[in-house]
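Structural features, examined
Spelled out, the chains give:
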Amino acid sequence: MTFMKQALVGFAAVLLLAPALAVAEAPKPALKIENPGQCIAPAEEMRRNHMEMLKHQRDRTMRQGIRGEKASLNECISCHASKSTGSVLGKGGFCQECHSYAAVKLDCWDCHQPKAGQKHAGVAGVKE
Amino acid sequence: MNDPQDRIDNQSRRSFVGTAAAVGAGLGVAALAPGLHLIEVSQAGTARSPGEAASNTVRWGMLIDTTKCASGCDACVKACNTENGINETIKDARQGSQWIRKIELKDPKNGREHSLPMMCQHCANPPCVDVCPTGASMKRADGIVLVDRHICIGCRYCMMACPYKARSFVHQPLTEQNPEVPRGIGCVESCTFCVHRVDKGQMPACVEACPEGAMTFGDLNDPASAIAQRLAREPSTQVRADLKLNLGVRYQGI
């Protein structure tokens, strides 16, 4: 009986200490929006659903050839790329900061250009 | 064009589209009655409006006149590389990109030499699409054969299946992509007919860059297009026509 009481007290102590331990967790990502303006949806919806928006858009554009969709990676980086690095990646980068915090792999930018304003050089005779 | 079935299909469709287009000539639409539109006849050089999907009333194709193609000229290859951001250094030349390449041919019997660009032939019945285990290799409604890199697992089965050696594999991480042409490590890729330009109503980069004007691009289904008119009047060849793949790219002079 005494043992059980001690165990209960110990368990309660752990529960009480838990919030104090939580203080030591990783710092929240500090996001800076370089080009603030009107996003395509409120921040709460973007945080929760941006991956779904982009996934459905990518299939419509890639497979059906629908252009000019509201959700678009190129539109994302036009507002969210860092002014110092030009990119949404790297330390403090808009995409990477949150994805590192949430430990979610970010592979869009393996193929898509993560820098805003990246231009191909162009060849004589090819009109833009 | 050499396949009788293909010719019949094309002729019946052309005569139908031709009649329809005559009714709606100038408007770019086929009208059954005033205000009632049956199909839209797309013209090369016209951008699709935002939100509009690619349509199977269009079939993009290319006609290459090899008699005009100069030996040693690689303007089309350079234009393709620039437009599509192909600028990485390849350690092993055998692994280089195959979006478009120049081929020099010589007939050993009479010594006649000529040169031609070879790329994805945008087959109507593409073997790469047949073999793809994930559905990444696909043909868009308007006949452009593409790789959906989102679901490509890099197995390279399509590279084996392609009779034209038109596909290549990206072996290294890339950073200098054109924002409109995503491409990256672990995926197979090939000529896209510059789909991002075509969707804006522009010509593929190689066609614009060719100093000899040897390449004609347009809608094979539109009898008013320059390419369809030339194909109707002039002889042309499909490479490996015996495979009956019904190619989007046709050659003259080979």
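Below you will find a few notes about this structure.

What follows deals with the overall build of chain A. When its secondary structure is counted, chain A shows four helices and zero strands. Burial statistics for chain A: of 128 residues in total, 20% are counted as buried. Within chain A, contacts between residues at least 6 apart in sequence are counted, and of these 51% link residues at least 24 apart.

The subject of this paragraph is the overall build of chain B. Within chain B one finds seven helices and 11 strands. Taken across its 254 residues, chain B has 42% of its residues classed as buried. Taking the contacts inside chain B whose residues are at least 6 apart along the sequence as the reference set, 61% of them involve residues at least 24 apart.

Residue and element names in this part refer to chain B. In terms of burial, strand 3 (residues 60–65) is a largely internal element, six of the six residues being buried. Burial along strand 3 is two-sided: the residues Trp60, Met62 and Ile64 and Gly61, Leu63 and Asp65 are all buried. Sheet topology places strand 3 next to strand 10 (residues 215–219); five bridges connect them, and they run antiparallel. For isoleucine 64, the partnering residue across the bridge sits in strand 10 and is methionine 215. Alignment of strand 3 against strand 11 (residues 249–252), held across four bridges, turns out to be parallel. The residue of strand 11 that forms the bridge with methionine 62 is valine 249.

Looking now at the nonpolar core. In this structure, B:Ile64, B:Cys76, B:Cys206, B:Cys210 and B:Met215 are the most contacted members of the largest nonpolar core, which totals 54 residues. Membership of the second largest hydrophobic core comes to 10 residues, among which are A:Cys76, A:Ala81, A:Trp109 and A:Ala116.

All names here are of chain B. You can see methionine 62 is positioned in strand 3. A tally of 25 C-beta atoms within 10 Å means that methionine 62 is categorised as buried. Sequence separation between methionine 62 and histidine 122 is 60 residues; the distance between their C-alpha atoms is 9.4 Å. Those residues within four positions of methionine 62 in sequence are excluded, and the remaining contacts are Met215, Thr216, Phe217, Gly248 and Val249.

This part covers helix 7 (residues 226–233) of chain B. Since the α-helix advances by 3.6 residues per turn, residues separated by three or four positions end up pointing in the same direction. Those residues of helix 7 of chain B that fall on the buried side of the exposure criterion are B:Ile227, B:Ala228 and B:Leu231. Mapping the buried residues of helix 7 of chain B onto a view down its axis gives an arc of 95 degrees, with all of them on the same face.

Residue placement: B:Lys91 occurs in the loop between helix 2 (75–83) and strand 4 (100–106). C-alpha of B:Lys91 to C-alpha of B:His171: the two residues are 80 residues apart in sequence and 9.9 Å apart in space.

The subject of this paragraph is the interface of chain A and chain B. Contact residues are listed per partner, giving 21 residues for chain A and 29 residues for chain B. Partitioning the side of chain A that touches chain B into residue classes produces six nonpolar, 10 polar and five charged.

This part covers the pairing of strand 5 (residues 113–119) of chain B. Two strands pair when backbone bridges link them, and strand 4 of chain B and strand 5 of chain B are joined in this way by seven bridges, in the antiparallel orientation. Within the sheet, the bridge partner assigned to B:Arg101 lies in strand 5 of chain B and is B:Met118.

Moving on: the sheet that holds strand 10 of chain B. Residues and elements named next belong to chain B. Pairing is mixed in the open sheet, where three strands are placed in the order 10-3-11. A strand with exactly one partner marks an edge of an open sheet, and here the two such strands are strand 10 and strand 11. Sheet twist, expressed as the average angle between the axes of neighbouring strands with direction ignored, equals 20 degrees. In the packing of helix 7 onto the sheet, the strands contacted are strand 3, strand 10 and strand 11, and the crossing angle to strand 10 comes to about 110 degrees.

Residue and element names in this part refer to chain B. Its identity is not glycine, yet histidine 122 carries a phi of approximately 50 degrees, on the positive side. Tracing the backbone shows histidine 122 in the loop between strand 5 and helix 3 (127–131). For histidine 122, a count of 27 C-beta atoms within 10 Å puts it in the buried group. With a phi angle near 55 degrees, asparagine 246 is a residue other than glycine that sits in the positive phi range. In this structure, asparagine 246 sits in the loop between helix 7 and strand 11. Taking the number of C-beta atoms within 10 Å as the measure of exposure, asparagine 246 has 22 and is therefore buried.

Thresholds applied
Residues numbered from 1 in each chain as written. Chains lettered and ligands numbered in written order. Predicted model: local features only at pLDDT ≥ 70, side-chain atom pairs only at ≥ 80, totals over all residues. Helix = DSSP H or I, 4+ residues; strand = E, 2+ residues; numbered from the N terminus. Buried ≥ 20, exposed ≤ 12 C-beta atoms within 10 Å, placed from the backbone. Contact = placed C-beta atoms within 7 Å. Pairing = 2+ DSSP bridges. Core = buried A, V, L, I, M, F, W, Y, C linked by C-beta atoms within 7 Å. Arc of directions from axis to C-beta. Nonpolar A, V, L, I, M, F, W, Y, C, P; charged D, E, K, R; others polar. Axes fitted to C-alpha atoms, helices over the stretch in contact; angles between N-to-C directions.

By themselves, these observations are geometric and do not establish any function.
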